[in-house]
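Results of the structural survey
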Amino acid sequence: MSIREIPMYIDGQAVPSQSQEWRDVINPATQEVVARVPFCTAEEVDRAVASAKVAFKEWRKTPLAKRMRIMLKFQALIREHTEELAALITEEHGKTLPDAAGEVGRGLEVVEHACSITSLQLGELAENAASEVDVYTLNQPLGVGAGITAFNFPIMLPCFMFPLAIAAGNTFVLKPSEQDPSSTMRLVELAHEAGVPAGVLNVVHGGPDVANQICDHPDIKALSFIGSTNVGTHIYRRASEAGKRVQSMMGAKNHCVVMPDANRSQAINNLLGSAFGAAGQRCMANSVVVLVGEAKAWLDDIVEGARNMKVGPGTQRDADLGPLVSKAARDRVVRLIDAGEKEGARLLVDGRGCQVEGYPDGNFIGATVFADVKPEMTIYREEIFGPVLCVVSVDTLDEAIEFINANPNGNGTSIFTNSGWVARRFETEIDVGQVGINVPIPVPVAYFSFTGSRASKLGDLGPNGKQAIQFWTQTKTVTARWFEPENVSSGINSTISLS
C-alpha cells in the first residue's frame, strides 16, 4: 500500500512541503502507517498567511449573495461525500463509521448555518437618532483568521471555524491536528470545488512551533482554538498578548445527573453511549455519572450495560467503540485506570487488556467503570479522554449541583428526570456552559453558540451561532447627517450635543 504524503493548501492548490520534519499518520486499529504529514517551515506558514492577506482585499468585497451560494454548494458537496469523509476519519482516528458519519453531519449543520450569511451579517439602523442624523452599524470582516483544531473531530472542529469566518468575508489559515489530517484536507478540497477562491482558505501543518507562529503573526487578526486546557491557555495568552482576538474551547469533566424519577432504560442507555462512544475521546463525553437518591440502585444495570459494550475496529459497524487514537493515548488511559485502583476507587468493569480478534496491535481499551469515586482522586481531577466512567452517589439534587459546581471545568452537563421543576432548577443553578435535559451530549445545534464556563473556555465569544459572527467581524458605527444643498449653518456648536 502506498503511503500518501499530506500536502499544504496554499493559494488555492495543494502544495508539497519542503520541510525536513515529517510525522507518520497511524491507523489506530492496525498500527499501519497510512500517511505522512509535514511539520511546515516558518517560511511556508508565512507564505500561507501572505496568500490569505492578499486574497482578503477582494474577498471582503465579494457580495453576500455570492458567498452564500458558495456555502450552498459546499454543503451539497459535504452531503454527497459523507461516506468518503467518514471513512477517512475512521482510518486515522479510529471512531466507528456510524459515529464518523454523525460527526460529518454535525459539521454540515454549521455550513448550512453559514448559508444564512445574508441575514447573519446585517447591522442595525436608527433613523433620526438626532435631528436628521442617522446612526447605523456595519459588521465588517477582520482580515486573516486562523484556526487550530484537536484530533478528536477532524471534520466538525474545522467546520466550527472556517465556514462562518470566510462567509463573513475573512480569509483563513487552518492548522488541523497532525494525528488525522486527511479528512480535513478533503474537506478543504471540497470547499474549493464549491467555489472558494484561491487564497481564501489555506492549510498548514505542524506542532508547537507552527502554533506559536500563528499566535505571533502580525497579519493574523483572530484565532480560534479547540483542544486541551494546557495548550488552550497558552494559545490564548500568547495570541492575546500579540493583539489578537482569541477564543479557546478547552478541557472538560462532564457530569450526567440521574434522578430516581427518570426513565431508567433511557437514562442508562444514553449515559453509556455518551461515556463510551468514540472510546470516550469527546470533550463533551459524560465521564462522570452522579446517581441521586434511589437511583443508586441502578449501578448494577450500568455495570451490565458497560460489560456488553462491543469493542472493535471503526470499520466494524456494530462496534460500540473503536480504538484510541494512539498508543500514547492508550498508555495514558491505562495509567489513569491504575491510579484509580491505587487511590481506592472501586473498579467494577476493567477494560485493560482488551483484545479484538484480528487486530492484535490495536489501541483498544474496553468500557471501564469505577464506583465510589472521590473528588481528590486522579481519575476525577483529570480529563481521562478514554472509555472510563466514574460513578458518584449523592442523596439529593442539592448535593449533585454543589458537587458539579465545585469542579474547575464547566463545559457540559446533563440531567435525566421526568420532573420539569427539577430540570428547571438544575439549569438555573448549575454553572456549566451547556446543559442537557434528557439529552446526554448537549452540543447545541449550529445556529446556537457553543459555550462553556470556568476552566473550559477563555474568551467572551464561542464558535457557532450569533457569537461566531460577532467573533469574526468588527462593528463599525457610522453617524451620518446630510445637509440640504441650500442649508445655511446656524453657527458653531462647541458642545457634544447632536442637536
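Model, not experiment: these values are computed from the prediction.

**Comments concerning helix α16 (residues 420-429)**
- Here α16 has its buried residues at V422, A423 and F426. Seen along its axis, α16 keeps its buried residues to an arc of 95°; they face one direction. Exposed side chains of α16 directed beyond 90 degrees from the buried face belong to G420, W421, R424 and T428.
- Here the buried face of α16 lies against β13 (254-258), α15 (397-405), β19 (412-416) and β20 (434-437).

**Some words on empty space enclosed by the protein**
- For the structure shown, the criterion picks out two cavities of 30 Å³ or more.
- Considering only enclosed or pocket space, the largest cavity measures out at about 90 Å³ in volume.
- Every residue lining the largest cavity is counted, 14 residues in all, and those nearest its centre are R282, A285, S287, E383 and F385.
- Forming the walls of the second largest cavity are I226, M249, M250, C283, N411 and F450.
- Residues of the lining of the second largest cavity, tallied by class, amount to five nonpolar, one polar and no charged.

**What about the packing of helix α9 (residues 208-216) against helix α10 (residues 229-241)?**
- Running from amino to carboxyl end, α9 crosses α10 at an angle of 35°, the nearest separation of the two axes being 8 Å. The hand of the α9/α10 crossing is right-handed. Two secondary-structure elements touch here, α9 through A211, N212, C215 and D216 and α10 through H234, I235, R238 and A239.
- Across the contact of α9 with α10, the residue classes break down as four nonpolar, two polar and two charged.

**Section: the layout of surface pockets**
- In this structure, the largest pocket spans a volume of roughly 1,200 Å³.
- Elements with a minimum of two residues in the lining of the largest pocket: α9, β11 (220-226), α10 and α13 (327-342).
- The element best represented in the lining of the largest pocket is α10, accounting for five residues.
- For the lining of the largest pocket, the class distribution of residues is 20 nonpolar, 16 polar and eight charged.

**Concerning the side chain of N170**
- Summarising the element assignment, N170 is placed in the loop between α7 (162-167) and β9 (171-175).
- In this structure N170 comes out as buried when scored by relative accessible area, which is 1%.
- Engagement of the side chain of N170 in a polar contact is seen with the backbone nitrogen of G143, the distance being 3.1 Å.
- Among the polar contacts made by the side chain of N170, one reaches the main-chain carbonyl oxygen of W472 at a distance of 2.8 Å.
- Discounting chain neighbours no more than four positions away, the residues touching N170 are F56, W59, P141, L142, G143, A165, V200 and W472.

**Examining the pattern of salt bridges**
- According to the stated counting rule, one finds 26 salt bridges in the structure shown.
- A salt bridge links E91 to R4; its shortest N-O distance comes to 2.8 Å. Placement of E91 in helix α3 (residues 82-93) and of R4 in strand β1 (residues 4-5) is noted, with a sequence separation of 87 residues between them.
- According to the relative accessible area criterion, E91 is partly exposed, its value standing at 22%.
- According to the relative accessible area criterion, R4 is partly exposed, its value standing at 29%.
- A salt bridge links R282 to D99; the shortest N-O distance between them is 3.1 Å. Linking R282 in the loop between α11 (264-276) and β14 (286-292) with D99 in helix α4 (residues 97-114), this pair joins segments that are 183 residues apart in sequence.
- Linked by salt bridges that have partners in common, D338, E341, D350 and R352 make up one network.

**Some words on the nonpolar core**
- Core analysis: the largest hydrophobic core is formed by 65 residues, its most contacted members being V257, V258, F276, V373 and L389.
- Ignoring sequence-local partners within four residues, the contact set of V258 consists of A267, L271, V289, V290, L291, V292, A295, W298 and F416.
- The next biggest cluster of nonpolar side chains, apart from the first, holds 63 residues, and it includes Y9, C159, M185 and I469.

**Observations concerning the sheet that holds strand β23 (residues 473-481)**
- Within the open sheet, the three strands sit side by side as β6-β7-β23. Their pairing is antiparallel. The sheet terminates laterally at β6 (125-130) and β23, the two strands that pair on one side only. Averaged over all adjacent pairs, the angle separating strand axes in this sheet is 30°, with direction ignored.
- Examined bridge by bridge, β6 and strand β7 (residues 133-141) share three bridges and lie antiparallel to one another. In the strand pairing of β7, A126 is matched with V135.

**Regarding a nonpolar patch on the surface**
- A surface patch of nonpolar side chains, about 270 Å² in accessible area, is lined by L125, Y136 and L138.
- Relative to the elements of secondary structure, L138 occurs in strand β7.

**Things to note about the sheet that holds β13**
- The seven strands are arranged β15-β16-β17-β14-β13-β19-β20 in an open sheet whose pairing can be described as mixed. With one partner strand each, in any of the chains shown, β15 (346-349) and β20 form the two edges of the open sheet. Adjacent strand axes in the sheet meet at a mean angle of 25°, parallel and antiparallel pairs treated alike.
- Two elements, β14 and strand β17 (residues 388-394), share five bridges in a ladder whose sense is parallel. Within β17, the position partnered with V290 by the bridge is V392.

Parameters at a glance
Residues numbered from 1 in each chain as written. Predicted model: local features only at pLDDT ≥ 70, side-chain atom pairs only at ≥ 80, totals over all residues. Heavy atoms only, no water. Buried < 20%, exposed > 50% of the residue type's maximum accessible area, 1.4 Å probe, protein only. Helix = DSSP H or I, 4+ residues; strand = E, 2+ residues; numbered from the N terminus. Arc of directions from axis to C-beta. Contact = heavy atoms within 4.5 Å. 1 Å grid on protein atoms, 1.4 Å probe; cavity = no way out; pocket = protein on both sides within 12 Å on 5 of 7 lines; lining within 4 Å. Points joined across faces, edges and corners; volume = space filled by probe spheres on them. Nonpolar A, V, L, I, M, F, W, Y, C, P; charged D, E, K, R; others polar. Axes fitted to C-alpha atoms, helices over the stretch in contact; angles between N-to-C directions. Left-handed = near helix turned anticlockwise from the far one by under 90°. Polar contact = N/O pair within 3.5 Å; in protein donor to acceptor, adjacent residues only side chain to side chain. Salt bridge = Lys/Arg side-chain N within 4 Å of Asp/Glu carboxyl O. Core = buried A, V, L, I, M, F, W, Y, C linked by side-chain atoms within 4.5 Å. Pairing = 2+ DSSP bridges. Patch = residues over 30% accessible without salt bridge, like charges linked within 9 Å, V, L, I, M, F, W, Y side chains within 5 Å. Areas by Shrake-Rupley, 256 points an atom, 1.4 Å probe, with all protein chains shown as cover.

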